Amino acid sequence: MMPIALRRMMHALRGLVSRDRLNRDLDDEMHFHLEMEVAQNIQRGMEPAEARRTALVAFGGVQRYKEQHRSERGARSIERLGQDLRYGLRRLRRERGFSIPVIATLGFGIGATVAVGVLADAVLIRPLPYPNASRIVAVGHRAPSAGALEGGQSEGTYLHYLRGNHSFDAFGIYFERDLSLTGEDNPARVVSALMTPSVFQVLGVNPAHGRYCAADDDLVARSVGAGNALVVISDALWGSRYGREPGVVGRRIEINRGGATIIGVMPPGFHFPRIDTELWYCQPVDAASPGSGTHQTGIALLRSGTHARDAEADLQRLGATLSEVYPAAARELERGGPHRSVVTPLRDVLVRDVRPALVLLGCTAALVLLVAWANAVNLVMVRSETQGRQVAVERALGATTADVAQRLFCESVVLALAGGLVAWLIASTAISYRFGFAVGEIPRLHEVRVDRFAIVLTVGLALFSAALIGGAAFLRTRSARVLSALRGGVGRSTSGKQWRSTQRTLVAVQVSLALALLIASGVMVQSYWKLARFDLGFEPSSTLIVELPLPFRGYPRYDDGARFYDETLLRIRSLPGVVSAEAGGPVPLVRVTGAGTTPMVASDSTLPGGASNIAVRPGVVTPGWFEALRIPIIQGRTYQRGDLVSEEHPIVISMALARALFGEADPLGRRLRVLNMGRMPRYTIVSVVGDVPGERIPDGPVRAIYFPVLRDLAATPDSAPQVPYWPRELPVLVRGSVAPATLLDPIRRIVGEIDPQVPVTNPRTLEDIVGASTARTRLTMLLLLAGAGVALLLGVVGIYGVVSYAVSQRTPEIGIRMALGATPGAVNAMVLKEGVTMTVTGILAGIVVALGVTRLLRGLLYEVSPTDPLTFIAMAVLLSGIALAACMAPARRASRIDPVQALRAE
């Protein structure tokens, strides 16, 4: 049977929905019974008027029976709730000076919290979009002194771990590399991942069409472009390049001018390892001769019930025997020092770089929400002073405490829901625009969307806000005394010291949180300012960067690539507006993907003071590359065309590497050995150039070594020089006296005339690259400034409101003081004292809060301490000055009170 409470609720809802019909039926029934009584009285001999009057008296009041009937059918409470909501809406619409600030305050606080909460949920909390995502881990190596996953897998370590582990259901390796789709009229560069077939087994996502690389695809050649490769493409690439043709599975294509077969198409929305990866190239490991370069990423699926710590211990056991099975892999792994295996959840690896920034944004949003709540409660409490008489009148007329509480909470619900609507607009706008970030700047940003979590969070915070401000209003008005209120003494009977103390406390909380955000934004401003003034060591203006990747099968020899770049650069230099055109890289502040092992260099052991085992960032450049980038030559000379075939094997190093190797000694003429790049000759240092940053400005100057790449083909046409890098995927740098964008089409035309199968990819300016390097710091700074500005505004408004209200309440007292001889200056000081007390209390508490908040900034700052004393002092002084200015207006008004008028009003 249906529970009694549920039956009553259903009965009440039916009564509410059919209210008009039921009321008509009730009126008809009452009218029928009344007329029957009137007719009986007339039959007894009464006059009609007397008969109706007697019937009404006997009936006992029609309206009373109607109200009783409505109460019995259960709809009265719902009707009263609706009436209270409509009354609250009308009242708040009339009192716009109160409702608009409260709605705006709640809207911004809730909106910021919802937006950041949705972002944090998508990036940090939500599982990865793969089956068994909680069991997918990254497998790498780490030196004991390092704090991050820094060493990858070699083919030797992969085979050793694959055959001997007891922790993984599947284990694979991959590395990222851009590949060229050739063989058609429009060659294109696609972001790709070269991987073992088992990577798809780890991810557990099946292709929408065809299949993925299976473990028995061992006949796939190890080198890209060998002619029998198997590839899987993304749904986006299937649509953009192949027009979603049904027969794409099994189609033969060209990759880097080598044959390949499409065996599958992944489902829409599949992204790995990056959001823009469009092609997965099956590349099993050659067990007979595995490579030793530790540049591949390991990914595994833990067995059910196995913890990451257990897997680490398992791999550490295998690492002890690596040198016995694959000695080359063991030597390569230990070249930078002893390493140990590290197994980390894949989600944590993906978001580790952005976690501090997101945690900081979350704290900022939480602080803004607390300030908003404190300000809204303060406004409600001040307004409640004027509601005391109304509440007293309601109680005198028979309203119960529950009736008053329901009316106040209905007003609060209307306020909070309106604030929630504003918050929803703010949050959905921020989410729609991705918070100002580019999709590639934050991992999983493409997964952020307005969803059920956003709705639940918005409604939940709005309802909590309603309960908070409704509770404050109820507690503030329940002490209203009926008699004193009706006699006009509401103000004195309800405004006790306790409530004024509560208001001051709330204002102090607002001030403290505002100061914490001001200090955090202050140190971020300093950090960004120093980043913006960082001496890059090169000149980024008016410079275009493009990439011209050469397919291996079209350019198998050194001379082939050298001729292509020689001719291309020569023709680009002849374009109008071109000042210089050179090739080489890596370009400063550009992330290098798919690169080999980081080289280690050592100075000649016979040199006094020489160092060894210095990790460097390798570069390969044409002779004019330094001049084109405006990198200064500190010592020696730059490259010349014949240096590649010189017996001295000249090399250029950066100032940072020169200091690391030789200290203050002269590096020119010294000899260097490259330890892990094959059988390379000893190189002679002929030049030291200025320092430039690596992939990030905060990392400081990079220790770089620059190899020459192009030689004089006319002098030595048939011999390839002994260099570690051949000209095959060199970025081309073009500096011009015209806008860089105007040079792109002429460059494409030149490359198309030389070789139509070479794509011109990834065009961007050096200024864009420099701007992108500081984008995250800039956006974090702006978000902190926005939060600090709102918190400061609310805090100042709170100070002004409380001091101004105190002046209005103490007007009679001030009049008496001035009548007894108090000077305007003394009254001014008395009023300012209240504001200064709240401000000082808030500042002292804010410094403590700021010490905790700024600790979250440690990983985001550049050359600025998170506890920078100058910033703490400056922001405290700034807030004090603004708060003092907020107190001046009510203090001046108090000093101008006319004692006669004040006493007369009293």
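Being a predicted model, the structure only gives us computed values, none of them experimental.

Draft legend 1. Looking closely at the overall build of the chain. Within the chain, the secondary structure is distributed over 29 helices and 22 strands. Within the chain, the proportion of its 906 residues that are buried is 51%. A sequence separation of at least 24 residues applies to 81% of the contacts in the chain between residues at least 6 apart. Working note: accessible area of the chain is about 40800 Å², and carbon and sulfur atoms make up 58% of it.

Draft legend 2. Looking closely at unusual backbone geometry. A cis amide bond, omega -10°, links Phe 272 with the succeeding residue Pro 273. Mapped onto the secondary structure, Pro 273 falls in the loop between strand S7 (258-265) and strand S8 (279-282). The omega angle of the peptide bond from Gly 585 to Pro 586 is 5°, so this bond is cis rather than trans. Structurally, the position occupied by Pro 586 is in the loop between strand S12 (578-585) and strand S13 (600-603). Positive phi values are uncommon outside glycine, yet Asn 132 reaches one of about 55°. With respect to the secondary-structure elements, Asn 132 resides in the loop between helix H6 (96-125) and strand S1 (136-142). Phi is positive for Glu 863, which is not a glycine, with a value near 60°. Mapped onto the elements, Glu 863 comes out in the loop between helix H27 (824-855) and helix H28 (869-895).

Draft legend 3. The arrangement of the packing of aromatic side chains in detail. The full count for this structure, using the stated rule, is 17 aromatic pairs. Here the aromatic rings of Tyr 174 and Phe 272 are separated by 5.1 Å at their centres, their planes lie at 65°, and the arrangement is edge-to-face. Of this pair, Tyr 174 sits in strand S2 (residues 168-182) while Phe 272 sits in the loop between S7 and S8, and the two are 98 residues apart along the sequence. Exposure class is identical for Tyr 174 and Phe 272. Each is buried. By the ring-pair criterion, three or more aromatic residues cluster together here, those being Tyr 130, Tyr 174, Phe 200, Tyr 212, Phe 270, Phe 272 and Trp 280.

Draft legend 4. Spotlight on the state of the cysteines. Evaluation of the coordinates by the stated rule reveals 1 disulfide. What pairs with Cys 213 in a disulfide is Cys 282, and their sulfur atoms sit 1.2 Å apart. Residue Cys 213 is located in the loop between strand S4 (209-210) and strand S5 (229-233), and its partner Cys 282 is located in strand S8; the two are separated by 69 residues in the primary sequence. Among the residues examined, Cys 213 registers a relative accessible area of 2% and is labelled buried.

Draft legend 5. Main features of the side chain of Thr 765. Structurally, Thr 765 can be placed in strand S22 (residues 761-765). For Thr 765, a relative accessible area of 15% gives the class buried. Polar side-chain contacts of Thr 765 include one of 3.0 Å to the side chain of Asp 768. Not counting the four nearest positions on each side in its chain, Thr 765 is found in contact with Thr 543, Leu 544 and Pro 740.

Draft legend 6. Region of interest: helix H9 (residues 235-242). Those residues of H9 that sit buried are Asp 235, Leu 237, Trp 238, Arg 241 and Tyr 242. Mapping the buried residues of H9 onto a view down its axis gives an arc of 165°, with all of them on the same face. Those residues of H9 that are buried are in contact with S2, strand S3 (188-195), S4, S5, strand S6 (252-255) and S7. Looking one or two residues past H9, Gly 243 carries a phi angle of roughly 60°, positive in sign.

Draft legend 7. Geometry of the confidence of the model for the chain. Looking at the chain as a whole, the pLDDT averages 79, with 78% of positions reaching at least 70. Of the regions scoring below 50 in pLDDT, residues 482-487 engages in 13 contacts with residues more than four places distant in sequence or in other chains. Contacts from residues 605-611, a stretch scored under 50 in pLDDT, to residues over four places away or in other chains number 11 contacts.

Draft legend 8. How the structure looks around the packing of H27 against H28. With their axes 8 Å apart at the nearest point, H27 and H28 run at an angle of 155° to one another. Relative to H28, the element H27 lies roughly antiparallel. Judged by the sense of rotation from one axis to the other, the crossing of H27 with H28 is right-handed.

Draft legend 9. Structural context of a nonpolar patch on the surface. There is a patch of nonpolar side chains on the surface, built from Leu 417, Ile 455, Val 459 and Leu 463 and spanning about 350 Å² of accessible area. With 3 residues, helix H16 (residues 452-477) is the single largest residue contributor to the nonpolar patch. With respect to the helices and strands, Val 459 occurs in helix H16. The exposure class of Val 459 is partly exposed, given its relative accessible area of 43%.

Definitions and cut-offs
Residues numbered from 1 in each chain as written. Predicted model: local features only at pLDDT ≥ 70, side-chain atom pairs only at ≥ 80, totals over all residues. Heavy atoms only, no water. Helix = DSSP H or I, 4+ residues; strand = E, 2+ residues; numbered from the N terminus. Buried < 20%, exposed > 50% of the residue type's maximum accessible area, 1.4 Å probe, protein only. Contact = heavy atoms within 4.5 Å. Areas by Shrake-Rupley, 256 points an atom, 1.4 Å probe, with all protein chains shown as cover. Phe/Tyr/Trp six-rings, centres within 6.5 Å; stacked < 30°, edge-to-face > 60°. Disulfide = S-S within 2.5 Å. Polar contact = N/O pair within 3.5 Å; in protein donor to acceptor, adjacent residues only side chain to side chain. Arc of directions from axis to C-beta. pLDDT = per-residue confidence, 0-100. Axes fitted to C-alpha atoms, helices over the stretch in contact; angles between N-to-C directions. Parallel < 35°, antiparallel > 145°, perpendicular 65-115°, else oblique. Left-handed = near helix turned anticlockwise from the far one by under 90°. Patch = residues over 30% accessible without salt bridge, like charges linked within 9 Å, V, L, I, M, F, W, Y side chains within 5 Å. Salt bridge = Lys/Arg side-chain N within 4 Å of Asp/Glu carboxyl O.

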